[in-house]
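# Examining the three-dimensional arrangement
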Amino acid sequence: MTDEKKILMIDDNPNPLADMLLMYGYETTVMPNGKQGFEELKKNSDKYDLVLLDVMMPVMDGWDTLKLIRSDNILKDIPTIMLTAVDDDYKQISGLKQGADDYIVKPFVFPNLLARIEALLRRSKWNKNEIKKMEAINQLTQREKEILKLVSLGNSNAQIAQKLFIREITVKTHLNNIFRKIGADNRTQAAILAIDAGINTNYKKDFT
């Protein structure tokens, strides 16, 4: 692993799993019940990349803990895998409906858990990148969005200038600002971001 991911393991009987995760490069913090686990998440909301949540625990079980996590505006999107000794399809479906991202029955083969953790972290990273793209697009002014849409539709600077009744040098200046705001190196990257964000389909005014 290129960077160490941080896992919060909420389980009253974590060994040897916590030690094995550490061996594979995951920094793991263990909390013995849902109450303490949720409090730790609230206190360090930016610290953890994923939660491993046992179902059967004293004080507060995994289901109630999951409900608290998913109802919290700051914590609701953190990837969460439920761990349980109960092999019941109904309970698994119920867990997924309550917001669990995955559900693993004990005893399990460690490489299986590891693969699921890595897959979930990849999905989470992709989702965060998508959010960043939208946030970057939202930084643009209305005029910049107009120009970015036209870029995504394959227009040259001269064509954009003609359609928007502005000078070509003004288009170039706007493009430089757009590239800086959305982190694009060129108009191809900017066009791809625009398409991903839906600018060329969602923008109200039609410039084609």
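The text that follows walks through the structure, step by step, so that each part is easy to find. Sequence positions are assigned chain by chain, starting from 1 and proceeding in written order. Totals for whole chains, interfaces and linings use every residue, but because this is a predicted model, local features are given only for residues with pLDDT of at least 70 and side-chain atom pairs only at 80 or more, for both listing and counting. Here the side-chain values reflect all heavy atoms present in the structure, with hydrogen atoms and water set aside.

### Re the overall build of the protein
Segments assigned H or I by DSSP are reported as helices when at least four residues long, segments assigned E as strands when at least two residues long, and all are numbered from the N terminus. Tallying secondary structure elements over the protein gives 10 helices and 5 strands in all. Here the term buried applies to any residue with accessible area under 20% of the maximum for its type, exposed to any over 50%, and partly exposed to those in between, with areas from a 1.4 Å probe on protein chains only. Counting only residues that meet the buried cut, the protein has 42% of its 208 residues in that class. Long-range pairs, those at least 24 residues apart, make up 58% of the contacts in the protein between residues at least 6 apart in sequence. Accessible surface, the protein: about 11900 Å² in total, of which carbon and sulfur atoms supply 51%. By definition in these notes, contact holds between two residues if any of their heavy atoms fall within 4.5 Å. Each accessible area value is a Shrake-Rupley result obtained with a 1.4 Å probe; residue values ignore everything except the protein chains displayed when judging cover.

### Topic: the pairing of strand β4 (residues 80-84)
Burial analysis of β4 places 5 of its 5 residues in the buried class, the great majority of the element. Along β4, one buried face is formed by T80, M82 and T84 and the opposite face, lined by I81 and L83, is buried too. A pair of strands is considered paired only if DSSP assigns at least 2 bridges between the two. As judged from the 4 bridges shared by strand β3 (residues 50-54) and β4, these two strands associate in the parallel manner. Of the residues in β4, the one forming a bridge with D54 is L83. When the strands point away from the viewer and the path from the first strand over the helix to the second turns clockwise, the crossover is right-handed. For the crossover that starts at β3, traverses helix α3 (residues 62-71) and ends in the parallel β4, the hand is right-handed.

### Re the environment of E146
Structurally, the position occupied by E146 is in helix α6 (residues 142-152). Judged by its relative accessible area of 12%, E146 falls in the buried class. Separated by 18 residues in sequence, E146 and L164 place their C-alpha atoms 8.6 Å apart. At a separation of 2.8 Å, a polar atom in the side chain of E146 contacts the side chain of R143. N or O atoms closer than or at 3.5 Å make up a polar contact, with two conditions inside protein: a donor-capable atom paired with an acceptor-capable one, and, for residues adjacent in sequence, both atoms drawn from side chains.

### Concerning the sheet that holds β4
Either a parallel or an antiparallel arrangement is found when strands of a sheet pair, and the pairing is made through backbone hydrogen bonds. Strand order in the open sheet formed by 5 strands is β2-β1-β3-β4-β5, and the pairing between neighbours is parallel. The sheet is open, and its two edges are formed by β2 (27-31) and β5 (102-105), each paired on a single side. Direction aside, the axes of adjacent strands within the sheet are offset by 20 degrees on average. Across 5 bridges, the pairing between strand β1 (residues 6-10) and β2 is parallel. Across the sheet, residue M9 finds its bridge partner in β2, namely V30. Geometry is summarised by axes, namely lines fitted to C-alpha atoms with helices restricted to the contacting stretch, and by angles between N-to-C directions that run from 0 to 180 degrees. On the sheet, helix α2 (residues 34-43) packs against β1, β2 and β3 and is oriented at approximately 155 degrees with respect to β1.

### A few points about α6
Most of α6 is tucked away, with 8 of its 11 residues classed as buried. Among all positions of α6, only E144, E146, I147, L148, K149, L150, V151 and S152 are buried. Positive phi shows up at G154, right after α6, with a value of about 90 degrees.

### Some remarks on the pattern of salt bridges
The term salt bridge refers to a side-chain nitrogen of Lys or Arg lying within 4 Å of a carboxyl oxygen of Asp or Glu. Taken as a whole, this structure holds 9 salt bridges when the rule is applied. Across the pair D72 and K42 runs a salt bridge, and its minimum N-O distance is 2.7 Å. Of the two residues, D72 is situated in the loop between α3 and β4 and K42 in helix α2; the sequence distance between them amounts to 30 residues. The salt bridge partner of D54 is K106, with a shortest N-O separation of 3.1 Å. Taken together, the residues D54 in strand β3 and K106 in the loop between β5 and α5 (110-138) connect sequence positions 52 residues apart. Accessibility expressed as a relative area gives 5% for D54, which makes it buried. The exposure class assigned to K106 is partly exposed, which follows from its relative accessible area of 25%. Beyond isolated ion pairs, a larger network of salt bridges with shared partners links D11, D54 and K106.

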